[in-house]
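Given next are the chains, with one letter for each unit.
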Amino acid sequence: MVDDRLLIDLGDRIKSSERLVVFSGAGLSAQSGIPTFRGGCDHPLWSEYDPMKLASPEGFASDPDLVIKWYNWRRQQLAEAAPNAAHHALASLMNATLVTQNVDDLQERTGTHEDHVLHLHGSIAHDRCHDQCGWSERVDLAEPPGMRQCPACGAAARPGVVWFGESLPHETWEQAAHACAHADCMLVIGTSGVVQPAASLVELAGSAGAFVVNINPEPTPLDDLADASVHGGAAEVIPQFFAS
Ligand code: NAD
Ligand code: ZN
């Protein structure tokens, strides 16, 4: 049971922040029915699938068809999902920097402009050229394309996400790191804190003096870095911060 007074106090702090960063992970979308990779839902994806076969350049090289089918299954799941109460509450934060490890587009579907969300791990709603020639295109999530070639250069087309062993998009990372280094408050939502370098952003904000609030139903290593932790689901906790 989360103490109401604590939620009100933390809400006041978050609302009065002048340089707020919201840093989210898969847990933000868990209550929209999108499974996480590592816990907090009935069937976290990495408990059933091998990340190296499905989310790495090596996996794509050895069985591209399997990789595309797996992503298309996740895209169809996303097509049927809707933003939850936490996404809607975050949509009211016009001046915060929204940094996410999520590849879904649920935040944008609340009306948050796409330029306002820094997707560190890319977007499952897009395909891009595997050879990085610069081609990228939004796909229909309900009826995504199968295996195909990049129309610009003929290399393989692939989901626009960052796989294990790949670099994060440089400019997006720079923007996120800059916001964290200047933040006065950071709201961390639904991340296991084990995927680097994304999780180092929490350390960066903390050492810059930001007040760090961590929301997760389960204990994580990020609790040790946070000034306050609330153990609960994002869809219940986040709207309470902005209730009054
Ligand atoms: P993760 O799967 O490693 O961890 C999810 C975390 O969310 C866990 O700590 C879990 O306890 C917590 N959680 C579960 N339900 C929650 C809820 N209702 N409210 C708040 N927290 C909840 O996710 P991560 O830390 O984001 O790991 C990063 C990788 O997972 C990224 O590469 C990201 O792209 C990928 N991912 C994204 C999505 C998505 O876009 N929705 C889904 C699955 C995985
Ligand atoms: Zn290309």
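Described below are features of the structure shown in this document. Just so we're clear, the structure is a prediction, and the values are computed from it rather than from any experiment.

Conventions and cut-offs
Residues numbered from 1 in each chain as written. Chains lettered and ligands numbered in written order. Predicted model: local features only at pLDDT ≥ 70, side-chain atom pairs only at ≥ 80, totals over all residues. Heavy atoms only, no water. Helix = DSSP H or I, 4+ residues; strand = E, 2+ residues; numbered from the N terminus. Buried < 20%, exposed > 50% of the residue type's maximum accessible area, 1.4 Å probe, protein only. Polar contact = N/O pair within 3.5 Å; in protein donor to acceptor, adjacent residues only side chain to side chain. Contact = heavy atoms within 4.5 Å. Pairing = 2+ DSSP bridges. Axes fitted to C-alpha atoms, helices over the stretch in contact; angles between N-to-C directions. Phe/Tyr/Trp six-rings, centres within 6.5 Å; stacked < 30°, edge-to-face > 60°. Lys NZ or Arg CZ within 6 Å of the ring centre and 35° of its normal. Donors = N, O, S within 2.8 Å, 3.2 Å for Na, K, Ca; no water. Salt bridge = Lys/Arg side-chain N within 4 Å of Asp/Glu carboxyl O. Arc of directions from axis to C-beta.

## Brief notes about the side chain of Ser-24
Move 1: By the secondary structure assignment, Ser-24 is in strand β1 (residues 20–24).
Move 2: Residue Ser-24 is classed as buried on the basis of its relative accessible area, which comes to 4%.
Move 3: Here the side chain of Ser-24 touches Thr-100 through a polar contact of 2.8 Å, side chain to side chain.
Move 4: When neighbours within four sequence positions are excluded, Ser-24 is seen to be in contact with Val-99, Thr-100, Gln-101, Asn-102 and Ile-189.

## Quick word on unusual backbone geometry
Move 1: Located in the positive-phi region is Gln-132, a residue other than glycine, with phi close to 60°.
Move 2: As for its position among the elements, Gln-132 is in the loop between β4 (122–129) and β5 (136–138).
Move 3: By relative accessible area, which is 60% here, Gln-132 ends up exposed.

## Digging into the sheet that holds strand β3 (residues 117–119)
Move 1: Within the open sheet, the 6 strands sit side by side as β3-β2-β1-β7-β8-β9. Their pairing is parallel. The sheet is open, and its two edges are formed by β3 and β9 (228–230), each paired on a single side. In this sheet, neighbouring strand axes are inclined to one another by 20° on average, regardless of whether the strands run parallel or antiparallel.
Move 2: Examined bridge by bridge, strand β2 (residues 97–100) and β3 share 3 bridges and lie parallel to one another. Looking across to β3, one finds that Thr-100 is bridged to His-119.
Move 3: Along the sheet, helix α9 (residues 200–207) contacts β1, β2, β7 (185–189) and β8 (211–215); its crossing angle with β7, the most-contacted strand, is approximately 155°.
Move 4: Against the sheet, helix α10 (residues 234–241) contacts β7, β8 and β9, and its axis sits at roughly 145° relative to β8.

## Description of the packing of aromatic side chains
Move 1: If you walk through the whole model with that rule in mind, you get 4 aromatic pairs.
Move 2: Summarising the aromatic geometry, the rings of Trp-70 and Tyr-71 are spaced 5.1 Å apart at their centres and angled 85° between planes, so their arrangement reads as edge-to-face. Each member of the pair, Trp-70 together with Tyr-71, is buried.
Move 3: Ring centres of Tyr-71 and Trp-163 lie 6.3 Å apart, and the angle between their planes is 45°; on these two criteria the pair is classed as tilted. Within this pair, whereas Tyr-71 is found in helix α6 (residues 64–80), its partner Trp-163 is found in the loop between β6 (157–161) and α8 (170–181), the two being separated by 92 residues in sequence.
Move 4: Residue Tyr-71 is classed as buried on the basis of its relative accessible area of 3%.
Move 5: Sitting above the plane of the Trp-163 ring, Arg-158 keeps its charged end 3.7 Å from the centroid.

## As for the side chain of Asn-214
Move 1: Relative to the assigned elements, Asn-214 resides in strand β8.
Move 2: When sequence neighbours within four positions are dropped, the list of residues in contact with Asn-214 reads Val-188, Thr-220, Leu-222, Asp-223, Ala-226, Ala-228, Ser-229 and Val-230.

## What to know about the coordination of the zinc ion (ligand 2)
Move 1: At this site the zinc ion (ligand 2) is bound by Cys-129 (SG), Cys-133 (SG), Cys-150 (SG) and Cys-153 (SG), with donor distances of 2.3 to 2.4 Å.
Move 2: For the zinc ion (ligand 2), the single-chain donor residues occur in sequence as C-x3-C-x16-C-x2-C. One end of the pair, Cys-129, is in strand β4; the other, Cys-153, is in the loop between β5 and β6, with 24 residues separating them in the sequence.
Move 3: Classification of Cys-153 by relative accessible area gives partly exposed; the value is 41%.

## Regarding the pattern of salt bridges
If charged atoms from side chains of opposite charge come close, those side chains can pair.
Move 1: As enumerated under the stated definition, the model contains 8 salt bridges in all.
Move 2: For the salt bridge of Asp-105 with Arg-109, the shortest nitrogen-to-oxygen distance reads 3.0 Å.
Move 3: Using a relative accessible area of 34% as the deciding quantity, one classes Arg-109 as partly exposed.
Move 4: Here Glu-166 and Arg-158 are joined by a salt bridge, their closest N and O atoms 2.7 Å apart.
Move 5: Residue Glu-166 is classed as partly exposed on the basis of its relative accessible area, which comes to 21%.
Move 6: It is possible to trace a salt-bridge network through shared partners that takes in Arg-75, Asp-127, Glu-137 and Arg-148.

## Here we look at α10
Move 1: By the burial criterion, the buried members of α10 are Ala-234, Ala-235, Val-237, Ile-238 and Phe-241. Each buried residue of α10 lies within a common arc of 170° when the element is viewed along its axis, so the set occupies one face.
Move 2: Residues of α10 that are buried in the fold lie against α1 (4–16), α2 (27–30), α7 (85–90), β7, β8 and β9.

## Side note on the sheet that holds β5
Move 1: The strand order across the open sheet built from 3 strands is β5-β4-β6, with neighbouring strands paired in antiparallel fashion. The open sheet terminates on both sides in strands that have one partner only, identified here as β5 and β6. Across the sheet, the mean angle from the axis of one strand to that of its neighbour is 40°, orientation sign disregarded.
Move 2: Bridge count for β4 against β6 is 5 bridges, and the pairing is antiparallel. Bridged to Ser-123 within β6 is Gly-160.

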